Amino acid sequence: MTKVVDLLKTTQDLGLEAFVMAHPATALIVEPFAITDASAPMTRKLSRLGLHENPLIPDAEPYQPEEETHETMVIRRDSGEQKETWRRGPQGFLHPEAHVLWLVAGRLSQIPGILTAGRARKNDLVFNNETVSKVHALFHRRQDHWLIEDHGSANGTFLNGAPLPPYERRRLNERAAIRLGDSIHATLFGAEALFRFCGLLRSMKDGGQA
């Protein structure tokens, strides 16, 4: 598991070819969010990055960057008299705990070309969250793409906002938005797309415009 902020640091001097050689696998950028009422007024500037179309709020204590700057991002939800505000510093235009999981087929799974995802430690992709089932979903490798399958989970698997019927495989396209249960959100990136996305994050950190 690699934090996005660490990936940005270790790859900042790499061009596209070197980046792809270092990280050829398809990646999931995973962010821990809680589902909120879609009717609640809120602001999420990150929506312009195309990570998630649905309104989300972070499932975390308010984050305060070490140095407050004019680039601080604010996510706000108003619910009656209660107002919640969560701030992002310039070092993170994602959730501060966003991390990267590499889809490397057959790492732990007994079945070639399949990755298991769930709460149990025996999974290839482990998500320690109570809304995620022990074995929640399966990722199936094909020659040039991945498929996702809900493994009869208790709280569902969602692809681009739509619930997946259990045990039916669906193709994952570039920047597919995946949700496991109520709090685990991930976006799929191929190697070249991830390189461009890292460049976008760096430019925003340095004051550039998305």
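Residues numbered from 1 in each chain as written. Predicted model: local features only at pLDDT ≥ 70, side-chain atom pairs only at ≥ 80, totals over all residues. Heavy atoms only, no water.

Draft legend 1. Molecular detail of the environment of Arg171. Position of Arg171 relative to the elements: it lies in strand S14 (residues 169-172). Given the relative accessible area of 44%, Arg171 is considered partly exposed. Along the primary structure Arg171 and Ile148 are separated by 23 residues, whereas in three dimensions their C-alpha atoms are 6.5 Å apart. Sequence-distant contacts of Arg171, that is, excluding residues within four places in its chain, are made with Asp144, His145, Trp146, Leu147 and Leu159. (Helix = DSSP H or I, 4+ residues; strand = E, 2+ residues; numbered from the N terminus. Buried < 20%, exposed > 50% of the residue type's maximum accessible area, 1.4 Å probe, protein only. Contact = heavy atoms within 4.5 Å.)

Draft legend 2. Molecular detail of the packing of aromatic side chains. Enumeration over the complete set of coordinates arrives at 2 aromatic pairs. Over the ring of Phe158 we find Arg179, and its NZ or CZ is 3.8 Å from the ring centre. (Phe/Tyr/Trp six-rings, centres within 6.5 Å; stacked < 30°, edge-to-face > 60°. Lys NZ or Arg CZ within 6 Å of the ring centre and 35° of its normal.)

Draft legend 3. Quick look at the sheet that holds strand S10 (residues 137-141). The strand order across the open sheet built from 5 strands is S9-S8-S10-S11-S14, with neighbouring strands paired in mixed fashion. The strands lining the two open edges of the sheet, one partner per strand, are strand S9 (125-126) and S14. Pairing of strand S8 (residues 114-118) with S9, which is carried by 2 bridges, proceeds in the parallel orientation. By the bridge assignment, Ala117 is partnered in S9 with Leu125. (Pairing = 2+ DSSP bridges.)

Draft legend 4. Here's a closer look at the nonpolar core. Counting residues in each nonpolar core, the largest one holds 22 residues, and the members touching the most others are Leu28, Phe127, Phe139, Leu172 and Ile178. Mapped onto this core, the elements with two or more residues apiece are strand S2 (26-35), strand S7 (99-103), S8, S10, strand S11 (146-150), strand S15 (177-180) and strand S16 (184-189). Here the element with the most residues in this core is S16; it accounts for 3 residues. Counting residues in each nonpolar core, the second largest holds 16 residues, with Leu7, Ala98, Phe189 and Ala193 among its members. (Core = buried A, V, L, I, M, F, W, Y, C linked by side-chain atoms within 4.5 Å.)

Draft legend 5. Geometry of the environment of Pro166. Turning to its location among the elements, Pro166 is positioned in the loop between strand S13 (162-163) and S14. On the accessibility criterion, Pro166 (48% relative accessible area) is partly exposed. When the C-alpha atoms of Pro166 and Ser153 are compared, they prove to be 7.6 Å apart, with 13 residues separating the residues in sequence. Leaving out residues up to four positions away in the same chain, Pro166 has contacts with Asp150 and Gly152.

Draft legend 6. Summary view of the pattern of salt bridges. Scanning the entire structure with this criterion turns up 2 salt bridges. Taking the shortest distance from any N to any O, the salt bridge between Glu149 and Arg169 comes out at 3.6 Å. Taken together, the residues Glu149 in strand S11 and Arg169 in strand S14 connect sequence positions 20 residues apart. Overall, Glu149 belongs to the buried group, its relative accessible area being 7%. (Salt bridge = Lys/Arg side-chain N within 4 Å of Asp/Glu carboxyl O.)

Draft legend 7. Expanded view of the pairing of S11. Of all 5 residues that make up S11, 5 are buried, and the element is covered over most of its length. Across the two faces of S11 the burial is the same, with Trp146, Ile148 and Asp150 and Leu147 and Glu149 all buried. As defined by bridge partners, S10 adjoins S11 across 5 bridges and the pair is classed as antiparallel. For Leu138, the partnering residue across the bridge sits in S11 and is Glu149. If you look at the hairpin formed by S10 and S11, you'll find 4 residues sitting between the two strands.

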